[in-house]
Structures are given as C-alpha cells and as structure tokens.
Amino acid sequence: GHLVIAKTFLGLEEGGITMEVVTHFATALAVIVFLRKRIAGILIAVYAKMHPGAPTDEATARDFRLFLYVILGSVPAAAVGLLIRDRVEGLFEDVTTTAVMLIVTGVFVFLTGKFGKPFTSLGPGRAIVVGIAQAFAIMPGISRSGFTVGAGLASGVERREAFEFSLLLSLPAILGASALEFAGGRLGGNPVVILAAAIPAFVGGYFAINLLFKTVIHHKFHAFAYYLIPLGIALLVGSSLL
C-alpha cells in the first residue's frame with residue numbers, strides 16, 4: 001500500500017522485482033533475529049522428531065506442534081499466490097483499490113484489537129484461520145501483520161502467541177516468494193544499491209516488529225486503525241484530484 005502511495009504521489013519507481021525481493025528478505029531476517037530463541041526451539045524440536053533417540057520434553061512437543069501449525073497456516077497463502085498472483089499484480093497500479101484496502105485493514109484491526117478476547121492456545125483450526133487471513137495480504141493495502149494478528153486475536157488466541165505465530169507465518173511466505181523469483185532468474189542489479197536498500201529494510205523492520213509487539217501485548221493493537229483509516233480516506237481524496 002505504501003509503495004503504491006510513493007509511486008503515485010512522489011513519482012518514485014519500484015526499482016524492479018529485485019528490490020522488492022531484497023527488502024522483503026531483509027525484513028524476514030529481522031523476524032529471524034527477533035524470534036531467534038523460538039526458532040531455535042522449533043529447529044531443535046524438528047531434529048528431535050527426526051531422531052527418535054533424542055531427548056524430548058513438553059517444550060519440545062509444543063515447539064514441534066507450532067512447526068506443524070506454521071506449515072498448515074502457510075497453505076492458503078501459497079495456494080492463492082500460485083493461482084492468482086498474475087491477476088493481482090495489476091492492482092498495484094490501482095490507487096483506488098489500495099485506498100479501500102487500507103480502510104478495510106483499519107476497520108479489521110480496530111474491531112479485532114478492541115473486541116478480540118484471547119483466551120486459548122493456538123490449534124489446527126485457528127492456524128488455518130490465520131493462514132486464510134494471510135492469503136488476503138496479496139492485495140495492495142491489506143496489512144499481512146494486521147490481518148494475521150487480528151485473525152489470531154479474533155479466534156481467541158493468546159496475545160503473545162498470536163503475535164509470534166503471525167511473524168513465524170511470514171517466513172515461509174517471504175522466503176518462498178524470494179526463492180521463486182530467484183529460481184525464475186528475475187533477480188539482478190547493482191550490489192551496492194541492493195545493500196543500500198537491504199540494511200534500512202532490516203533495521204526498520206526490526207524496530208517495526210518491536211512496536212507491533214508492544215501494541216499487541218499492551219492491548220493497543222487497535223491504535224493502528226487511527227493511522228490506516230485516515231490514510232485510506234486521504235488516498236481516495238488525493239487520487240480523485242489527480
């Protein structure tokens with residue numbers, strides 16, 4: 001959504017598919033750094049499952065279940081991305097669609113953040129619900145984090161768990177999309193320019209994750225709506241004046 005705004009009103013160019021992949025990959029690295037302990041626990045749990053003689057405990061079992069939930073929750077976004085990606089790409093030139101989706105995201109974030117009552121742990125059904133919410137993020141203006149965290153809260157998942165699952169769910173989506181572009185030979189460009197984009201994306205992504213964590217944990221998740229809804233309305237008005 002913000003990319004569409006920059007292109008429309010500031011006259012900026014996207015910089016090609018390489019820049020998009022690089023910046024997303026950098027934010028994925030920020031997620032890995034932020035959740036390094038949780039991810040390490042998941043890797044240990046997967047190793048233990050593959051080696052029956054390895055020691056296990058309740059924490060290991062919990063982390064392996066989380067691993068399975070990430071796989072399960074990734075299916076909807078993968079299916080949508082593979083089936084209709086080419087049809088959706090044109091919407092990134094449509095300012096009106098982006099504005100409407102920003103407002104939709106704002107309303108969804110407000111309702112789920114304000115009225116969601118977390119009371120239980122993640123399960124297969126809730127993992128699929130959050131995964132379906134992530135699939136909607138293929139649309140410009142739909143916040144992936146906003147929809148996945150909101151879906152977790154709305155389905156009753158405890159706040160910290162909803163936050164962590166949202167971040168973990170981003171990794172297969174981002175890394176998978178990056179791998180597809182790399183395999184398709186669509187990447188290239190000046191390494192210096194790429195690095196200049198990757199470093200701010202990593203740093204900014206890490207601070208954004210911290211901000212999201214604090215808002216979710218302290219029951220302030222709905223506050224993002226006060227930015228998204230006015231932004232969407234302003235974009236609608238501004239695009240009509242162009």
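Everything that follows concerns the structure shown earlier in this document.
Each value, and the rule that gives it
- Residues numbered from 1 in each chain as written.
- Predicted model: local features only at pLDDT ≥ 70, side-chain atom pairs only at ≥ 80, totals over all residues.
- Heavy atoms only, no water.
- Phe/Tyr/Trp six-rings, centres within 6.5 Å; stacked < 30°, edge-to-face > 60°.
- Helix = DSSP H or I, 4+ residues; strand = E, 2+ residues; numbered from the N terminus.
- Buried < 20%, exposed > 50% of the residue type's maximum accessible area, 1.4 Å probe, protein only.
- Polar contact = N/O pair within 3.5 Å; in protein donor to acceptor, adjacent residues only side chain to side chain.
- Contact = heavy atoms within 4.5 Å.
- Axes fitted to C-alpha atoms, helices over the stretch in contact; angles between N-to-C directions.
- Parallel < 35°, antiparallel > 145°, perpendicular 65-115°, else oblique.
- Left-handed = near helix turned anticlockwise from the far one by under 90°.
- Nonpolar A, V, L, I, M, F, W, Y, C, P; charged D, E, K, R; others polar.
- Salt bridge = Lys/Arg side-chain N within 4 Å of Asp/Glu carboxyl O.
- Core = buried A, V, L, I, M, F, W, Y, C linked by side-chain atoms within 4.5 Å.

Go over the packing of aromatic side chains with me, naming the residues and quoting the values.
Taken as a whole and assessed by the stated rule, the structure comprises 10 aromatic pairs. With centroids separated by 6.1 Å and ring planes inclined at 50 degrees, the aromatic side chains of Phe-136 and Phe-147 adopt a geometry described as tilted. Here Phe-136 is found in the loop between helix H6 (124–135) and helix H7 (144–154), whereas its partner Phe-147 is found in helix H7, with 11 residues between them in sequence. Here Phe-136 falls in the partly exposed class, since its relative accessible area comes to 48%. The rings of Phe-34, Phe-163, Tyr-206 and Phe-213 are connected pair by pair, giving a single aromatic cluster.

Explain the side chain of Asp-63 to me, using residue names and the numbers behind them.
Note that Asp-63 resides in helix H4 (residues 58–89). By relative accessible area, which is 6% here, Asp-63 ends up buried. Within the structure, the side chain of Asp-63 is placed 3.3 Å from the side chain of Arg-62, a separation counted as a polar contact. Each residue touching Asp-63, except ones within four places of it in the same chain, is listed here: Arg-38, Gly-41, Ile-42 and Ala-45.

Before we move on, can you summarise the packing of H6 against H7 with the specific residues and values?
Packed helix pairs are characterised by how far apart their axes lie and by the angle those axes make with each other. H7 packs onto H6 with a crossing angle of 155 degrees between their chain directions and a minimal axis gap of 8 Å. Considering their axes alone, H6 and H7 lie roughly antiparallel with respect to each other. As H6 runs across H7, the sense of the crossing is right-handed. Residues Val-129, Val-130, Ala-133 and Gln-134 of H6 touch H7, and the partners they reach there are Arg-144, Phe-147, Thr-148, Ala-151 and Gly-152. Residue composition of the contact of H6 with H7, grouped by class: 5 nonpolar, 3 polar and 1 charged.

Explain the pattern of salt bridges residue by residue, including any values.
Counted under the stated rule, the structure contains 5 salt bridges. Close ionic contact of Arg-62 with Asp-63 constitutes a salt bridge, the shortest N to O distance being 3.3 Å. Put simply, Arg-38, Arg-62, Asp-63, Arg-160 and Glu-164 are held in one network by salt bridges that share partners.

For the nonpolar core, give the residues involved together with the corresponding values.
Counting residues in each nonpolar core, the largest one holds 44 residues, and the members touching the most others are Phe-163 and Phe-165. No other element matches the 8 residues that helix H8 (residues 159–183) contributes to this core. Apart from residues lying up to four places away in sequence, Phe-165 is in contact with Leu-66, Tyr-69, Val-70, Leu-122, Ala-127 and Val-130.

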